[in-house]
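Fold and geometry: a report
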Amino acid sequence: MRHKIGIIGLGYVGLPLAVEFAKKYPVVGFDINQTRVSELRSGKDITLEVDDKDLGEVLASSRDFDADGLYVTDNPSDLTHCNTYIVTVPTPTDKNNRPVLTPLIKASETVGKVLKKGDYVIYESTVYPGATEEDCVPVLERCSGLRMNKDFYVGYSPERINPGDKEHTVSKILKVTSGSTPDAAEIIDNLYKSVITAGTFKASSIKVAEAAKVIENSQRDINIAFVNELSKIFNRMGIDTHEVLEAAGTKWNFLPFKPGLVGGHCIGVDPYYLAQKAQEVGYHPEIILAGRRLNDSMGQYVASEVIKLMLKKDISVKGSKVLMLGITFKENCPDIRNTRAIDIYHELRSYDVQVDVYDPWANTDEVLHEYGIHSLTTIPDEKYDAVILAVAHKTFGSLPLEMLKKDNCVVYDVKAFLPKEMVDGRL
């Protein structure tokens, strides 16, 4: 069969995948966000995951669904021309850290309404083991009137996008694939092999592929939680954590994790999906949830350390002015989803501290919409009682820090990005 691919969701995961497939296949990129669709049609990607040049080279201006290239749309009827659907919508958690499958279910309804006999549906969204077959397939069957493995086939190939990483792009990261039958698994694997230069790994089942993805980020989360706890211990002992890690790192099998804030759409979320499923089958996960609790507490910990340092310098906390550098969830990336830098902001505000936020990577309108914060658009022309480097953007390396400090000022470096002699404290 000649694949005509529909990508549902054109965010950090879907767009790079759509562009890669569009080099060899007809691709319809669908997103419910009309603003996003308009931006992409104009050849601009505000997530900065795809270069404008690369996007322009594959972007199709006409609705020719037989020609290779990417046609971007918010009209679900355009998906009727496809025979292979790839779902790349987000899978967030609610305020109680419970999985929210609403975007996934809605995307499945969209696909189900256009699904035809012989079609393939592949999910890339991170889920708990069993979600594809137990939660998504029933929606596909209900909306289409068809039956899996009789009329259509399903696969799961977890996304491995690393936002802001220009080295490990989608085609250069080995892809895990799976299918609902051996033949379907082979077809899906071959589809990805045609664009993923790093190669593929065909898992034995959809559940195995789902589980592999969710433990990737859970493992990183637990390892970072460990070094975050070490940072708290060593801080009380008057030992520099990063010097300890540098020394320990001279052993060949020491894992090079560093302390910091753990947010974003993957590491800060995925462990809760695994924990939820574990509890459903009667097991209460201890290490997974302990790691999550510790990492979720780090923003408050940073703020409390800054307050302590201010008090030691006889800086009046109430009414003081603090500059927070960075609001995105990671360095050199505009993604503000589930950023834990916001926890520092809220904790400081609880002390009646005035907090200014400056982040040249973040979209100020998005920051206002998501967090209600009027972030600064330029480097401020005033001096502060404390400066917190929350995100290690490269541009902050040339920031005129001395011009931002009052004579008596605390500088706290969350990421150990600045020279040690310039800061009063760091994780």
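Above this text sits the structure in question.
Quick summary incoming for the structure in this document. Chains are numbered independently. Their residues run from 1 in the order of the written sequence. Per-residue local features of the predicted model are confined to residues with pLDDT of at least 70, and side-chain atom pairs are confined, for both listing and counting, to 80 or more; whole-chain, interface and lining totals are unaffected and use all residues. Hydrogens and waters are ignored; side-chain quantities use all the structure's heavy atoms.

1. Description of the side chain of T132
For the purposes of this entry, the term helix denotes a DSSP run of H or I that reaches at least four residues, the term strand denotes a run of E that reaches at least two, and both are numbered from the N terminus. Here T132 is to be found in helix 5 (residues 131-144). Between N or O atoms, a polar contact is any pair within 3.5 Å; within protein, one atom must be a potential hydrogen donor and the other a potential acceptor, and residues adjacent in sequence are included only when both atoms are from side chains. Within the structure, T132 has its side chain in polar contact with the side chain of E210 (distance 2.6 Å). Every residue in contact with T132, bar those within four places of it in the chain, is listed here: Y123, V127, V137, V154, G155, Y156, I206 and E210. By the convention used here, residues are in contact when the closest approach between their heavy atoms is within 4.5 Å.

2. With respect to the pattern of salt bridges
A pairing counts as a salt bridge when a side-chain nitrogen of Lys or Arg comes within 4 Å of a carboxyl oxygen of Asp or Glu. Counted under the stated rule, the structure contains 29 salt bridges. With a closest N to O distance of 3.8 Å, K213 and E159 form a salt bridge. Taken together, the residues span a long stretch of sequence, with K213 in helix 7 (residues 206-237) and E159 in the loop between strand 6 (153-156) and strand 7 (175-177) at a distance of 54 residues. E159 matches K213 in its accessibility class, with the two residues each being buried. Of the charged contacts, one joins E402 and K405 as a salt bridge, the two residues approaching to 3.3 Å between their closest N and O atoms. Three or more residues are tied together by salt bridges with common partners; here these are D240, E243, K420 and R426. The rule is simple: take the accessible area with a 1.4 Å probe, protein chains only, and divide by the maximum for that residue type; under 20% is buried, over 50% is exposed, in between is partly exposed.

3. A few points about the pairing of strand 9 (residues 321-325)
Among the five residues in strand 9, five count as buried, and that is most of the element. By the alternation rule, side chains of strand 9 split into K321, L323 and L325 and V322 and M324, which are all buried. Any two strands are treated as partners once DSSP identifies two or more bridges connecting them. Strand direction decides the pairing type here: strand 9 and strand 10 (residues 354-358), joined by five bridges, are parallel. For M324, the partnering residue across the bridge sits in strand 10 and is V357.

No statement about biological role is implied by the geometric values presented.
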